[in-house]
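Listed below, chain by chain, are the residues.
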Amino acid sequence: MEYFDLSGKIALVSGCSQGLGYACVLTLARAGADIFGVSIGDDTHLREEVEACGRRYHSITLSLTTPGASDQVVKECLAAYGQIDILLNFAGIVRKSHTLEVNEDCFDAVMDINTKACFFLSQAVIKVMMKQGHGGKIINASSILSQRSSNDFLPFTASKGALEAITKALANEFAASDIQVNAISFGYMTTGTSLQVNESGNYDHAILANIPAGRWGCYKDVDGILLLLASSASNYITGCIIPVDGGFSIH
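For every chain, the first residue of its written sequence is number 1, and the numbers climb from 1 along that sequence. Local features in a predicted model are, by the rule used here, given only for residues with pLDDT of at least 70; side-chain atom pairs are given and counted only at 80 or more, and totals for whole chains, interfaces and linings are based on all residues. Note that water and hydrogens are dropped before the side-chain values are worked out from all heavy atoms of the structure.

Some remarks on the pairing of strand S3 (residues 57-61)
Within a regular strand, the side chains alternate between the two sheet faces. Counted only if it meets this: Criterion used throughout: strands pair if DSSP finds at least two bridges between them. Numbering of helices and strands starts at the N terminus; helices are DSSP runs of H or I of at least 4 residues and strands are runs of E of at least 2. If the strands point away from the viewer and the path from the first strand over the helix to the second runs clockwise, then the crossover is right-handed.
Sheet topology note: the strand S2 (residues 34-39)/S3 ladder contains 5 bridges and is parallel. By the bridge assignment for S3, Ile35 is matched with Tyr57. For the crossover that starts at S2, traverses helix H2 (residues 44-52) and ends in the parallel S3, the hand is right-handed.

Considerations on the packing of helix H4 (residues 104-132) against helix H5 (residues 154-174)
In plain terms, the rule: Axis angles are defined between N-to-C directions and span 0 to 180 degrees, where every axis is a line fitted to C-alpha atoms and, for a helix, only to the segment in contact. Every angle not falling under 35 degrees, over 145, or within 65 to 115 is termed oblique; those three ranges are roughly parallel, roughly antiparallel and roughly perpendicular. Here is the rule for handedness: rotate from the far helix to the near one, and if that takes an anticlockwise turn smaller than a right angle the crossing is left-handed, while a clockwise turn gives right-handed. Whether two residues are in contact is decided by their heavy atoms: any pair within 4.5 Å suffices. Residues are grouped as follows: nonpolar covers Ala, Val, Leu, Ile, Met, Phe, Trp, Tyr, Cys and Pro; charged covers Asp, Glu, Lys and Arg; every other residue, Gly included, is treated as polar.
At a minimum axis distance of 8 Å, the contact between H4 and H5 shows a crossing angle of 15°. Considered as vectors, H4 and H5 are oriented roughly parallel to each other. H4 and H5 meet at a crossing whose hand is right-handed. Residue-level inspection shows Cys106, Phe107, Val110, Met111, Asn114, Thr115, Cys118, Phe119, Ser122, Ile126 and Met130 of H4 in contact with H5, the latter providing Leu154, Pro155, Phe156, Ala158, Ser159, Lys160, Ala162, Leu163, Ile166, Leu170 and Phe174. Split into classes, the residues belonging to the contact of H4 with H5 amount to 17 nonpolar, 4 polar and 1 charged.

Now the structure itself:
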């Protein structure tokens, strides 16, 4: 359907070199978008796969916690393409630690990348989108743990809860400028960070027993909602936190 056609769109994607960020870049590229990637990892293979789709790929290797990083990323993206239509805030980290053992360095590291960096990159991109005058899409990567906490992940839970609040605030403020801001609340996924891995390094099947779908999620489960939120099909959808979790959040 033409609603989901992203031809001519430029997608800026943080956290693109691995996990769900990597997979979502390919989904956008297959739908016609050109990509500007941001990561701290090697994205050589990603570039090859995007170009194999017939799309353009530019990138920058940079930590978004670096002072001035957001402005630098936007500047480089505009130099490469001249516009930004879609932003995926998919850069993120997890630090597992018992709540009473969490220190300031751990807490700050998680909040800085999962929340603070997402806000300031969104802020920089919104300025561009408003100047362009034809709206845009921002999609944040959240987690079901923001609503249903789990032991040993308090900083991660807090960071994603704050990100969801930011998502709704930005959506409300910039809806009149035709900028839609939404978040995907990821469940227990086998692609990317696996929150379901226990201390022995195996998947915790006690968690699986609470997922109505009866299986872990994977990158293919994200394609549909991602294309909806990135395309004109979602022009009247904003401020939503949409779970992709096999029904886990029902309980």
